[in-house]
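Topology and contacts: notes
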Amino acid sequence: MSERGGFTVEIPPQPDPETGHERILVHFDDGATEELRLHDYDRVYALPGLYEEVVQRRLDCRSPDEIASMLAGATDRLGWERSQVRVLDIGAGNGISGEALAALGMRPVIATDLEPAAREAALRDRPGVYDAYLITDLVALSPSEERAIAELAPNALTCVAPVGAGRQHVPPAALVMAVRLLAPDALIAYMRDATDEPDPVTEQMRIGELEGVERAQELSRRRYRHRYTVNRHPMLMEGVVWRVSR
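Please read these numbers as outputs of a predicted model, since none were measured by experiment.

With respect to the helices, strands and loops of the structure, Leu-50 is situated in helix α2 (residues 50-58). Owing to a relative accessible area of 0%, Leu-50 belongs among the buried residues under this scheme. Considering only alpha carbons, one finds Leu-50 and Thr-75, 25 residues apart in sequence, at a separation of 33 Å. Setting aside residues up to four positions removed in sequence, Leu-50 forms contacts with Phe-7, Val-9, Val-26, Leu-36 and Val-44.

Here you go:
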């Protein structure tokens, strides 16, 4: 059990649950207890500090820092100035990923997510990290949303949520659609389940299926521990960085 202002958090013993269905018990100072699942985002994000306590501290999630570090490393090797890297951060959640980018000198100019509570939490807990935050489905962007992204001139894209075909994954089509809105010479950095083969984004890059992309160059690929499960088993992910030219 861990203490936070106004409540304590307990992760009770449980068989290996499906990712996102891990049980969390929140014990409030008034004596009430609420049971949540890890991906009950509307409620988890509504309690300031709960996500950070469980995912970042207790389960030791490293992905925001890992993906930011990989993008910064690619930027440096290309001779780009980090301050000129303007990032479209998709699946941005409560802004931890944007905070990690900013800490390394890059500029997360716009975030997107499907969950309204994510935007509310980011604006509440990390004001000023993003210039704009859109609640939208990247596969079905409206013309006004496309303009809002393009006007901020992102030349990099990050996704600190697993990209893949699973129910808990960001669909590859969302990332592919977002690439169309980047500058003609841009970087993309994303994470994927290290045990999931093949990597659908890599497959599309290699056979030239990305609309409007003339050249795609893989810059780095690294396997790392994303976080622990509630039973302290490591969850492995793979970070990937590409340079795309249109």
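Moving on, we get to the state of the cysteines. In total, this model carries 0 disulfides according to the counting rule given. Here Cys-61 stays free of any disulfide, with the sulfur of Cys-159 as its closest cysteine sulfur at 13 Å.

Structurally, Val-129 is set in the loop between α5 (116-125) and β7 (132-135). Filtering out sequence-adjacent residues up to four positions away, Val-129 remains in contact with Gly-98, Glu-99 and Pro-108.

With mixed pairing, the 7 strands of this open sheet are ordered in space as β7-β6-β5-β8-β9-β11-β10. Each of the sheet's edge strands pairs with one partner strand only, and the pair in question is β7 and β10 (215-228). Neighbour-to-neighbour, the strand axes of this sheet turn through a mean angle of 15°, independent of strand direction. Sheet topology note: the strand β6 (residues 107-113)/β7 ladder contains 4 bridges and is parallel. Bridging from a neighbouring strand, Ile-110 pairs with Ala-132 of β7. With respect to the sheet, helix α6 (residues 143-151) is in contact with β5 (86-90), β6 and β7, its orientation differing from that of β7 by roughly 155°.

Another aspect to go through is the side chain of Asp-89. By secondary structure assignment, the location of Asp-89 is in strand β5. One buried charged residue, Asp-89, forms no salt bridge at all, with the nearest opposite charge on Arg-126 at 9.7 Å. Here the side chain of Asp-89 touches Gly-98 through a polar contact of 3.4 Å, landing on its backbone nitrogen. Residues contacting Asp-89, with those up to four places away along its chain left out, are Ser-97, Gly-98, Ile-110, Ala-111, Thr-112, Tyr-130 and Thr-158.

Among the nonpolar cores identified, the biggest contains 29 residues, and Leu-88, Ile-149, Leu-157, Leu-175, Ile-188 and Tyr-190 are the most heavily contacted of them. When contributions to this core are tallied by element, the ones reaching two or more residues are β5, β6, β8 (156-162), α7 (172-179), β9 (185-193), α8 (200-206) and β11 (234-245). Considering every element that reaches this core, the biggest residue donor is α7, with 4 residues. Every residue in contact with Leu-88, bar those within four places of it in the chain, is listed here: Ile-110, Thr-112, Ile-149, Pro-154, Ala-156, Leu-157, Thr-158, Ala-178 and Leu-182. Phe-7, Phe-28, Leu-59 and Val-129 belong to the second-largest nonpolar core, a separate cluster that totals 28 residues.

A positive phi is found at Asp-60, a non-glycine position, where the angle reads about 55°. Mapped onto the elements, Asp-60 comes out in the loop between α2 and α3 (63-78). Taking relative accessible area as the criterion, Asp-60 reaches 27% and is therefore assigned partly exposed.

In contact at an axis separation of 9 Å, α3 and helix α4 (residues 96-103) are set at 40° when each is read in the N-to-C sense. The angle between α3 and α4 falls in the class oblique. As α3 packs across α4, the resulting crossing turns out to be right-handed. Where α3 abuts α4, its residues Pro-64, Asp-65, Ala-68 and Leu-71 lie against Ile-96, Ser-97, Ala-100 and Leu-101.

Cut-off values and rules
- Residues numbered from 1 in each chain as written.
- Predicted model: local features only at pLDDT ≥ 70, side-chain atom pairs only at ≥ 80, totals over all residues.
- Heavy atoms only, no water.
- Helix = DSSP H or I, 4+ residues; strand = E, 2+ residues; numbered from the N terminus.
- Buried < 20%, exposed > 50% of the residue type's maximum accessible area, 1.4 Å probe, protein only.
- Contact = heavy atoms within 4.5 Å.
- Disulfide = S-S within 2.5 Å.
- Pairing = 2+ DSSP bridges.
- Axes fitted to C-alpha atoms, helices over the stretch in contact; angles between N-to-C directions.
- Lys, Arg positive; Asp, Glu negative; His and termini not counted.
- Salt bridge = Lys/Arg side-chain N within 4 Å of Asp/Glu carboxyl O.
- Polar contact = N/O pair within 3.5 Å; in protein donor to acceptor, adjacent residues only side chain to side chain.
- Core = buried A, V, L, I, M, F, W, Y, C linked by side-chain atoms within 4.5 Å.
- Parallel < 35°, antiparallel > 145°, perpendicular 65-115°, else oblique.
- Left-handed = near helix turned anticlockwise from the far one by under 90°.

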